[in-house]
Structures are given as C-alpha cells and as structure tokens.
Amino acid sequence: MKDQEHARIRDGVGLGDIVMAQHQLKEVVVRTPLQHSRVLSERYDCQVYLKREDLQVVRSFKIRGAFHMMRSLQPEELAKGVVCASAGNHAQGVAYSCQTLGVPGKIFMPSTTPRQKVKQVKFFGGEQVEVILVGDTYDDAYTAAIAVSRKESMTFIHPFDDPKIIAGNGTIGLELIEDADTLPDYLFVTIGGGGLAAGVGAYVKNVAPSTRLIGVEPEGAQSMKASLEAGAVTPLEQIEKFVDGAAVKRVGDLTFELCKEFLDDIVAVPEGQVCTTILDLYNASAIVAEPAGALTISALEQYREQIKGKTVVCVVSGGNNDVDRMQEIKERSLIHEGLKHYFMINFPQRAGALREFLDDVLGPHDDITRFEYTKKHNKDNGPALVGLELKHKEDYEPLMARMRSKGLQFQELNKDSFLFNLLI
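The following refers to the structure shown. (Residues numbered from 1 in each chain as written. Predicted model: local features only at pLDDT ≥ 70, side-chain atom pairs only at ≥ 80, totals over all residues. Heavy atoms only, no water.)

**Side note on the side chain of T255**
In this fold, T255 is placed in helix α12 (residues 253-262). Note on T255: relative accessible area 0%, which makes it buried. (Helix = DSSP H or I, 4+ residues; strand = E, 2+ residues; numbered from the N terminus. Buried < 20%, exposed > 50% of the residue type's maximum accessible area, 1.4 Å probe, protein only.)

**Some details on the nonpolar core**
Core analysis: the largest hydrophobic core is formed by 35 residues, its most contacted members being L187 and V200. Listed by contribution, the elements that provide at least two residues to this core are α9 (163-179), β7 (186-190), α10 (195-207), α12 and β10 (311-316). Sorting elements by how many residues they give to this core places α10 first, with seven residues. Setting aside anything within four residues of it in sequence, one finds V200 in contact with N169, G170, I172, G173, L187, V189 and L213. (Core = buried A, V, L, I, M, F, W, Y, C linked by side-chain atoms within 4.5 Å. Contact = heavy atoms within 4.5 Å.)

**Considerations on the layout of surface pockets**
Of the voids in this model, the largest pocket is the one considered here, and its volume is about 590 Å³. Surrounding the largest pocket, 16 residues form its lining, E240, R332, I335, F420 and N421 being those nearest its centre. Mapped by element, the contributors of at least two residues to the lining of the largest pocket are α13 (271-285), α16 (326-336) and α19 (417-423). It is α16 that contributes the most residues to the lining of the largest pocket, five residues altogether. When the residues that make up the lining of the largest pocket are grouped by side-chain class, the tally is five nonpolar, five polar and six charged. By volume, the second largest pocket is sized at about 320 Å³. (1 Å grid on protein atoms, 1.4 Å probe; cavity = no way out; pocket = protein on both sides within 12 Å on 5 of 7 lines; lining within 4 Å. Points joined across faces, edges and corners; volume = space filled by probe spheres on them. Nonpolar A, V, L, I, M, F, W, Y, C, P; charged D, E, K, R; others polar.)

**What to know about empty space enclosed by the protein**
Under the definition given, this model contains one cavity of 30 Å³ or more. Space inside the largest cavity adds up to approximately 310 Å³. At the level of elements, α6 (89-101) and α10 are the ones that each hand at least two residues to the lining of the largest cavity. Classifying every residue of the lining of the largest cavity by side-chain character gives eleven nonpolar, twelve polar and three charged.

**Remarks on the packing of helix α2 (residues 15-25) against helix α4 (residues 62-71)**
For the pair α2 and α4, the least separation of the axes is 10 Å and the interaxial angle reads 90°. The angle between α2 and α4 falls in the class roughly perpendicular. Each of A21, Q24 and L25 in α2 lies in contact with α4, whose residues at this interface are I63, R64, F67, H68 and R71. Looking at the contact of α2 with α4, its residues break down into four nonpolar, two polar and two charged. (Axes fitted to C-alpha atoms, helices over the stretch in contact; angles between N-to-C directions. Parallel < 35°, antiparallel > 145°, perpendicular 65-115°, else oblique.)

**Quick word on a nonpolar patch on the surface**
Residues L354, L358 and F371 make up a contiguous nonpolar surface patch of about 200 Å² in total accessible area. Tracing the backbone shows L354 in helix α17 (residues 353-361). The exposure class assigned to L354 is partly exposed, which follows from its relative accessible area of 32%. (Patch = residues over 30% accessible without salt bridge, like charges linked within 9 Å, V, L, I, M, F, W, Y side chains within 5 Å. Areas by Shrake-Rupley, 256 points an atom, 1.4 Å probe, with all protein chains shown as cover. Salt bridge = Lys/Arg side-chain N within 4 Å of Asp/Glu carboxyl O.)

**Points about the side chain of D162**
Tracing the chain through its elements places D162 in the loop between β6 (155-156) and α9. One buried charge, D162, has no salt-bridge partner; the nearest side chain with opposite charge is K164, at 7.4 Å. D162 has contacts with M69 and L254, leaving out every residue within four places of it along the chain. (Lys, Arg positive; Asp, Glu negative; His and termini not counted.)

**Quick notes on the pattern of salt bridges**
In total, this model carries 24 salt bridges according to the counting rule given. One salt bridge connects K406 with D360, and the closest N-O pair in it is separated by 3.3 Å. Placement of K406 in the loop between α18 (396-405) and β14 (409-412) and of D360 in helix α17 is noted, with a sequence separation of 46 residues between them. Through salt bridges with shared partners, one network takes in K51, E53, R64 and E175.

**Regarding α17**
Those residues of α17 not exposed but buried are A353, F357 and V361. Buried residues of α17, seen end-on, are gathered within an arc of 55° and therefore sit on one face of the element. (Arc of directions from axis to C-beta.)

What follows is the structure in structure tokens.
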C-alpha cells in the first residue's frame, strides 16, 4: 500500500519525466555550472559547490519549470494564452517562454515586487505579455490570476504545484549529479512553495539516496515547516515579505507530499543573516544573489559541525536583485550582526546634555548615523531618535552601561518591532 502511495505522489515527476524535461529544455535552458567555492570551503572546512542558477537565462531556475509545462500544452491551449502569478522569477520564466513560443500571456505580480523584476518581466515577454500588479503578496496575485484564468479560459501556469513544473525543476538535480565528481553528502535547496525542493528531491533521492536533502526557508515565512509539523498543508496568516522569492503563505499540495517524502531536514534563516550572505557573496566572490538565492548558503552556519569534511552543494536559485534594495540589505545585515542600534533617548533638559552624551557615553569607535528630535517645536526639550553604528558587537554592553550610569532615559528600538517599523 505504501508503494502505491509513493507511486501516486511521484506520478508525473519520476526519473523518466525529469529526463524527458531535460530533452525539452536543452535548446532553451543554460546548463549552469557546479562551481567550487574556495571561500566557503575554507570557512566551513569542507568542499562546497554552488549550483549557479543565478547564471540562468532569466537569472533563476524558474525558466525550467515554466518552459517545460508550456511546451507540454496542446496547440489549442497555447492559442488561448496562459496566465500566471509570481513574485518575480516565475514571471520571468513564463514571460521568456511566451516570447520564445509566441504565446500570449497575462502575468500577475504583487505590487510590492522590486522594480527590477517587473522591468525584466516586460523585457523578456515583450509584446507577448501583459504585466498586472495587484495586492501586497503572491497570494493576492494568485487569487487575481486564477479568476482571469477561469473567466478567459487561459491555462494557469502554477509557479510550483504542478507535475510538469516540478519535473522541470528536477533537471537541476539531474545536472548536478552528472557534473559532480563526488556525490554530495549534503544538498541545500531553497523552499518557497516547495517546487524546487520537490523536483530536485525527486531525482537526487532516487539516484543518490545517501545524499541528505536540506530545505531552507526564510525565518519570517516558514510555511513548509509549519505544514510538515502539522502533517498537512497549513497556510500562514502573516509572513515577512523581504525574501520575496521564497515568501509564500501556503505551500503546494503536491510539493508538500513530495517534500514530506524527500526532505531530510528543514531549517530557517533570519532575514538579516541572508543580507549578510548577499554582501559577503558579492564582496568575496563577485556573485550577485537575490535574497532567496542566498538562503542556502546562509544555512551553512547552522550545519557547520555536520558538514565538516563533507561534500556540500548549495543551489543558488536566483540572482535578480534590485540595486535599489542594497541600502536596506546593508542596514538589515548590520542590525543582525549587532553593529547597528537605534534608540529613543530623552536627554536631560539642561545645557550641555548632548555634549556629555558625545564625550562620556559614546565609545571611541561608535558612530552616530542618525539623529533627529521627535518634536518640531521646543526640540531641546523633546526625545531624540538616535542611530548608532558600532565597530564591534562587543561594544554594545559597555555602551549600555555608560548610558545607564549617566542616568539617561532611553528605549532600545531594535527590541521593539512595532516602534522599530514605525520609526525606522
């Protein structure tokens, strides 16, 4: 009975389906390199390889599933056009496929999607696609896209929960196993809706069952973990949207079943750690990764002891990062590393109080990055919003001690998410 259940789950995403997908994709998809990372290998005392899907034709793996599914449709279905919902990367894959196959498409994206991704979708789709921005999350865009799909009889191209999409994604697993000199001991894959992990797992766990498959989610959007713990698909009420390529409230039904079968573990990475990884990849290796693409590498720290001396592969799922976000990425990284702190400080109402703060409270390497009084009038008598950047995170406690010894009334905004989001 168990074998029958496994056969049902794998229907459409078996080894043969993935090999077939590989043949369909070879004229369109770049066979991305499995690249050894000396920096990461030395840092974690193991052999780390990066499957560089950020070098794909649309700078993410999403082209694999999108093109494979559309190429599998009947001519009469293609003639009616396709519709999809996406936070960005799937939209680019569908847009590229529409342009390549000459198929009209409507692409629904959240209004919060980075401008760079919207621009790229229009570029890849050209006159074949119409981009429609709606709602704040992927789920809002999904609802709108489904409505249009039904009303206009257009085929909906799901970003992750479809056998053809999953089989297309599985070609990543096929390539990395074929290209690897040694079978990986650990394989880290990003999880948003679960399509990548399901596809890669469907291939790798069949041909290399000893490889441990680790799914990685952003800390603020752990929809797959919640579902696995509950034993059923469990939507999240709220998510942190920063890692936009993996911020999904509800994973797929099929992807859930496959991930439940194939995943050996699932871990969550704080958004601030992802930002640190993005900056490190760029500075140390000249790799431009988007937040979702950096998730797998961010997870290595949590597995530092387990992967020592092992062969590790991280799928860098995408590189569509908007340069306008870099200041926010740097800020989030500094906060996560304990180097950036914000306070609301009520300075004593007397002359020289601010001078004493500069001379007696700030350390020799502490830098004021933001200072503004919260009152438009009588500024000298009102509290001030103060941002400080430290050279070392160990400088934080001595700073706190000096502020308390001076009798300052203050509130640490980093520890109050409501006030932080309101004021910063």
